[in-house]
Amino acid sequence: MRYDTRRPSATGSDLMVRLAGGTPVYALGIRFARSPDIARMASMAGCDLLWVDLEHCSMSIDVAGQILGCAHDLGLGAWVRVPENDFGVIGRLLDSGATGIILPRVETEAQAQRLAACCRFPPAGERSMIARLPQSGFGRLPSAELTETANRQTVCQALIESRLGVRSADAIAATDGIDILAIGANDLTAEMGFPGDVRRPEFVDACQTVADAARRHGKVAVIGGIVVQEDFIAFLKSGFSPFVFTGIDTDIIADGIAARCNGWRERLAGHDFNRN
């Protein structure tokens, strides 16, 4: 099997241009891995972006930072989903090499404003100043250049996973510093009372509300948690950008183990190895 590892630049602003223009961006989720080698594997496979899911794992900030820093050095987007809308956690991840922050269950304008403030240096936000960053090779830049570059290259994504978030979509999209509105289909359908049923008209209407809000305010809308490819393509046609979740490492590992074991069972079925 041959792999095409050539890709356009995957800095935050470049990825946003690609998404806004309808060019697919292929992302790998990380929850199981604890080594930067997973970033090298993602690069080898031709992924554009790697995102670490700290919401659903016990990974430390230290390990996440090493993976994200490696991803950035390899030319991949280095995003992370954080469980807390917290200056300390978000700042430490950005200072370690992250180029994008994903916050789950954003439901209000105030939450969106705080998220944007956590991700941006003053005067655009309240991120703590720092002299050197791994994203710029630890070169010491003039403060104005460092803040402008970091603010421009950091992607800020608000994940909408509740009815309240859908109702607040316009205010969230209008928030300065929010770049992406994302639908979390698994959580939103669960809250609506029909887990996983993404064809329900109520869910489809909610997604359209978010996509329309993003478009009105010049933001990008993406959707995740859609298992059936035909369903995903249908949502792309309704206004969502082609941010493709190719998989998460836990699923890939579990499916791979099952496939190997089942393959051997099928191969050995019907053979008698009794030596008596």
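Residues numbered from 1 in each chain as written. Predicted model: local features only at pLDDT ≥ 70, side-chain atom pairs only at ≥ 80, totals over all residues. Heavy atoms only, no water.

## Let's talk about the side chain of Thr-147
Here is the rule: Per the convention used, a helix needs a DSSP run of H or I reaching at least four residues, while a strand needs a run of E reaching at least two, with both numbered from the N terminus. Three exposure classes are used, based on accessible area relative to the maximum for each residue type with a 1.4 Å probe and protein chains only: buried under 20%, partly exposed in between, and exposed over 50%. Should any heavy atoms of two residues lie within 4.5 Å, those residues are counted as being in contact.
Looking at the secondary structure, you find Thr-147 in helix α6 (residues 143-153). A relative accessible area of 11% places Thr-147 in the buried class. When sequence neighbours within four positions are dropped, the list of residues in contact with Thr-147 reads Phe-121, Pro-122 and Met-129.

## With respect to the layout of surface pockets
In this approach a probe as big as a water molecule rolls over the atoms, and the regions it shows empty are the leftover space. Threshold: Grid spacing is 1 Å over the protein atoms alone, the probe is 1.4 Å, and a cavity is where that probe fits but cannot get out, while a pocket is an open set with protein on both sides within 12 Å along at least five of seven lines and lining residues have an atom within 4 Å of a point. Grid points are joined across faces, edges and corners, and a volume is the space filled by probe spheres set on the points.
By volume, the largest pocket amounts to about 890 Å³. Lining the largest pocket are 33 residues, and of these Asn-186, Gly-224, Gly-225, Ile-226 and Phe-245 lie nearest its centre. Listed by contribution, the elements that provide at least two residues to the lining of the largest pocket are β2 (49-53), β5 (155-160), β6 (180-184), α9 (185-192), β7 (220-224), α11 (229-237), β8 (243-248) and α12 (249-268). Per-element accounting of the lining of the largest pocket gives the leading share, 6 residues, to β8.

## A closer look at the pattern of salt bridges
Inclusion rule: By definition here, a salt bridge exists when the distance from a side-chain nitrogen of Lys or Arg to a carboxyl oxygen of Asp or Glu is within 4 Å.
Considering all chains together, one arrives at 16 salt bridges under this definition. When the shortest N-O distance is used, the salt bridge between Asp-53 and Arg-81 registers 3.0 Å. Of this pair, Asp-53 sits in strand β2 while Arg-81 sits in strand β3 (residues 77-81), placing them 28 residues apart in sequence. Pair check on accessibility: Asp-53 and Arg-81 agree, each one buried. One network of salt bridges, in which partners are shared, links Arg-105, Glu-107, Arg-163, Glu-191 and Glu-202.

## Overview of helix α2 (residues 37-45)
For an α-helix, 3.6 residues make a turn, and residues three or four places apart therefore share a direction. This is how it is decided: For this quantity, the arc is that covered by the directions from the helix axis to the C-beta atoms.
Of the positions making up α2, those classed as buried are Ile-38, Ala-39, Ala-42 and Ser-43. Down the axis of α2, the sector holding all buried residues measures 140°, keeping them to one side. Buried-residue contacts for α2 involve β1 (25-30), β2 and α3 (61-73).

## Section: the UniProt feature "domain: HpcH/HpaI aldolase/citrate lyase" (unreviewed entry) in the protein chain
Using the following cut-off: UniProt positions are given in the numbering used here, feature names are shortened, and annotations may be inferred rather than shown by experiment.
Using the residue numbers shown here, the UniProt feature "domain: HpcH/HpaI aldolase/citrate lyase" (unreviewed entry) corresponds to residues 34-250. Helix makes up 46% of residues 34-250 and strand 17%, with an end-to-end C-alpha separation of 12 Å.

## As for the packing of aromatic side chains
As a reminder of what qualifies: Between rings of Phe, Tyr and Trp, where Trp is taken as its six-membered ring, a pair exists when centres lie within 6.5 Å; planes separated by under 30 degrees are stacked, by over 60 edge-to-face, and by other angles tilted.
Under the defined criterion, the tally for this structure stands at 5 aromatic pairs. Where Trp-79 meets Phe-243, the ring centres are 5.6 Å apart and the plane angle is 10°; that geometry is what we call stacked. Here Trp-79 is found in strand β3, whereas its partner Phe-243 is found in strand β8, with 164 residues between them in sequence. Classification of Trp-79 by relative accessible area gives buried; the value is 1%. Residues Phe-203 and Phe-235 carry aromatic rings whose centres are separated by 5.8 Å and whose planes lie at 80° to one another, so their mutual orientation is edge-to-face. Remark: Phe-235 occurs in helix α11 and Phe-203 occurs in helix α10 (residues 201-216); sequence separation between them is 32 residues. The same class applies to Phe-203 and to Phe-235, which are both buried. Clustering of aromatic rings is evident, with ring pairs tying together Trp-51, Trp-79, Phe-243 and Phe-245.

## Considerations on the packing of helix α4 (residues 87-96) against helix α5 (residues 109-119)
What counts here: Fitting a line to C-alpha atoms yields each axis, with helices limited to the stretch in contact; the angle taken between N-to-C directions then spans 0 to 180 degrees. Here is the rule for angles: anything less than 35 degrees is roughly parallel, anything more than 145 is roughly antiparallel, 65 through 115 is roughly perpendicular, and the remaining ranges are oblique. Each crossing gets its handedness from the near helix: less than a right angle anticlockwise from the far helix is left-handed, clockwise is right-handed.
Close contact between α4 and α5 brings their axes to 9 Å; oriented N to C, the two are set at 40°. Here α4 lies oblique to α5, going by the angle between them. Seen along the crossing, α4 lies across α5 with a hand that is right-handed. Side by side, α4 and α5 meet where Phe-87, Ile-90 and Leu-94 of the first sit next to Arg-114, Leu-115, Ala-117, Cys-118 and Cys-119 of the second.

## Topic: the side chain of Thr-189
The line we're drawing: A 3.5 Å cut-off defines polar contacts: any pair of N or O atoms within that distance qualifies, except that in protein one atom must be a possible hydrogen donor and the other a possible acceptor, and neighbouring residues in sequence count only when both atoms are side-chain atoms.
Relative to the assigned elements, Thr-189 resides in helix α9. For Thr-189, a relative accessible area of 0% corresponds to the buried category. In terms of polar contacts, Thr-189 uses its side chain to reach the backbone carbonyl oxygen of Ala-185, at 2.7 Å.

## Topic: a nonpolar patch on the surface
Filter applied, for reference: Like charges are joined within 9 Å and nonpolar side chains (Val, Leu, Ile, Met, Phe, Trp, Tyr) within 5 Å, but only among residues with over 30% relative accessible area and no salt bridge; these make up the patches. Here the accessible surface of atoms and residues is derived via Shrake-Rupley with a 1.4 Å probe, and residues count as covered only by protein chains that are part of the display.
The grouping of Phe-32, Ile-253 and Ile-257 at the surface amounts to a nonpolar patch, some 290 Å² of accessible area in total. Considering the arrangement of structural elements, one finds Ile-257 in helix α12.

## Quick word on the pairing of strand β4 (residues 100-103)
Here is the rule we go by: Whether two strands pair depends on DSSP finding at least two bridges between them. A right-handed crossover is one whose linking path, passing over the helix from the first strand to the second, runs clockwise when the strands point away from the viewer.
Of the two faces of β4, both are covered, the one formed by Gly-100 and Ile-102 as well as the one formed by Ile-101 and Leu-103. Pairing geometry for β3 and β4, over 3 bridges, is parallel. Bridging across to β4, Val-80 finds its partner in Ile-101. Note that the unit made of β3, α4 and β4 has a crossover that is right-handed. With 4 bridges connecting them, β4 and β5 associate as parallel partners. Directly across from Gly-100, in β5, lies its bridge partner Val-155.

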